[in-house]
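# What the coordinates show
The chain contents come next:
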Amino acid sequence: MEQKKKTVPDMKARKTAGLKISMLTAYDYPWALLADQGGIDMILVGDSLGMVVLGYKDTISVTMDQMIHHTKAVAGVVKSAVVLGDMPFGSYNVSIEKAIENANRFMKEGRADGIKLEGGKSVAPVVEAIVRAGIPVQGHIGLTPQTASALGGFKVQGKSAEAARALLEDAKSLEAAGCFSIVLEAIPAPIAKIITEKISIPTIGIGAGVHCDGQVLVTHDMVGLFDRFTPKFVKQYVKISATISAAIAEYKADVECGKFPEEKHSFIMNEEELKKMDFSN
Ligand code: KIV
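The paragraphs below set out a description of the structure included in this document. (Residues numbered from 1 in each chain as written. Predicted model: local features only at pLDDT ≥ 70, side-chain atom pairs only at ≥ 80, totals over all residues. Heavy atoms only, no water.)

### Observations regarding the packing of helix 6 (residues 124-132) against helix 7 (residues 161-177)
- Two numbers describe how helix 6 lies on helix 7: the axes approach to 8 Å, and their chain directions differ by 25 degrees. The pairing of helix 6 with helix 7 is recorded here as roughly parallel in orientation. Relative to helix 7, helix 6 is oriented so that their crossing is right-handed. From helix 6, Ala124, Val127, Glu128 and Val131 reach across to helix 7, where they touch Ser173, Leu174 and Ala177.
- Its residues assigned to classes, the contact of helix 6 with helix 7 comprises five nonpolar, one polar and one charged. (Axes fitted to C-alpha atoms, helices over the stretch in contact; angles between N-to-C directions. Helix = DSSP H or I, 4+ residues; strand = E, 2+ residues; numbered from the N terminus. Parallel < 35°, antiparallel > 145°, perpendicular 65-115°, else oblique. Left-handed = near helix turned anticlockwise from the far one by under 90°. Contact = heavy atoms within 4.5 Å. Nonpolar A, V, L, I, M, F, W, Y, C, P; charged D, E, K, R; others polar.)

Shown next, in the form of structure tokens:
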């Protein structure tokens, strides 16, 4: 059956109707296909690409060209989910013109349905300009990995009343600037609940408790395919690396003892043709 394409306004409608929103990351064809066929509402081509696919130590050096390359692969296969491209570090902090130009690339070359960028009040003018250019924008506040060094590392944000109030102000600024939803990362659940109640656009939590309008996880964390660390807020539904490692070990053993390939994996040749071959010299 043909899958109906979900839209950005559908996400807001889900909040209004009290329906939760599911979001996952994907960076290539097979994972985007699995997420889309699984009915996931939004697929983010996250700059987490740098860590979980390219093996970098953080997301800082991910480039626009890399993001576009992977967004194309994802958007090319997705039939139903809203596809968002994640603006990498340096792609929206130079000038508003440059930010619009890069956001346009996600739409024109990547064929995304919108973009995500990190930051609160300070990025509101950038958000406003990109939205005015006709591009849906998802915000991202709390723990913002691109500015983790300025935040003092990968730490839970908004733990004091003052910091929590600042987060609420950030969320309101992003809503006023035209964001269609906001990712809340690594903030206390009661603060995420307050923000979710105080704004009309959907909040998508990652380490922000159950009261957000939706949830997002990095797929490679969720399926146990990233070996370096697993954040506290990740629920690992399967340890797929163990299954893959077992398959690799079995394949290696099969090759070494001649158990693979079997006859069914091999091609035959007509006996008469084989006889015609002259092997004498
Ligand atoms: O890059 C990413 O995967 C993200 C999600 C964690 C929201 O920003």
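There's more to say after this.
### Considerations on the side chain of Lys15
- When you line up the elements, Lys15 lands in helix 1 (residues 8-17).
- Within polar-contact distance, the side chain of Lys15 engages the backbone oxygen of Ile201 at 3.1 Å. (Polar contact = N/O pair within 3.5 Å; in protein donor to acceptor, adjacent residues only side chain to side chain.)

### Here's the deal with the packing of aromatic side chains
- Inspection of the entire model under this criterion finds two aromatic pairs.
- With a centroid separation of 5.5 Å and an interplanar angle of 85 degrees, the aromatic rings of Phe226 and Phe229 are classed as edge-to-face.
- Assessed through its relative accessible area of 7%, Phe226 is described here as buried. (Phe/Tyr/Trp six-rings, centres within 6.5 Å; stacked < 30°, edge-to-face > 60°. Buried < 20%, exposed > 50% of the residue type's maximum accessible area, 1.4 Å probe, protein only.)

### Focus: the layout of surface pockets
- Size it by volume and the largest pocket reaches roughly 610 Å³.
- When contributions to the lining of the largest pocket are tallied by element, the ones reaching two or more residues are helix 3 (49-52), strand 6 (181-185) and strand 8 (214-217).
- A class-by-class count of the residues in the lining of the largest pocket yields 18 nonpolar, six polar and eight charged.
- Put simply, the second largest pocket is a space of about 250 Å³. (1 Å grid on protein atoms, 1.4 Å probe; cavity = no way out; pocket = protein on both sides within 12 Å on 5 of 7 lines; lining within 4 Å. Points joined across faces, edges and corners; volume = space filled by probe spheres on them.)

### Describing the site of the ligand
- In the vicinity of the ligand, the contacting residues are Thr25, Leu44, Gly46, Asp47, Ser48, Asp86, Lys116, His140, Ile206 and Val218.
- Asp47 is positioned with one of its side-chain polar atoms (N or O) 3.0 Å from an oxygen atom of the ligand.
- Between Asp86 and the ligand, the recorded distance is 3.1 Å, taken from a side-chain N or O atom to an oxygen atom.
- In isolation the ligand offers 260 Å² of accessible surface; the protein chains occlude 95% of this area. (Near = heavy atom within 4 Å. Areas by Shrake-Rupley, 256 points an atom, 1.4 Å probe, with all protein chains shown as cover.)

### Re the environment of Asp28
- Of note, Asp28 is situated in the loop between strand 1 (21-25) and helix 2 (29-37).
- Exposure remark for Asp28: the relative accessible area of 28% places this residue in the partly exposed category.
- Taking C-alpha positions, Asp28 is 43 Å from Leu274, a pair spaced 246 residues apart along the chain.
- Of note is the side chain of Asp28, whose polar atom sits 3.4 Å from the backbone nitrogen of Trp31.

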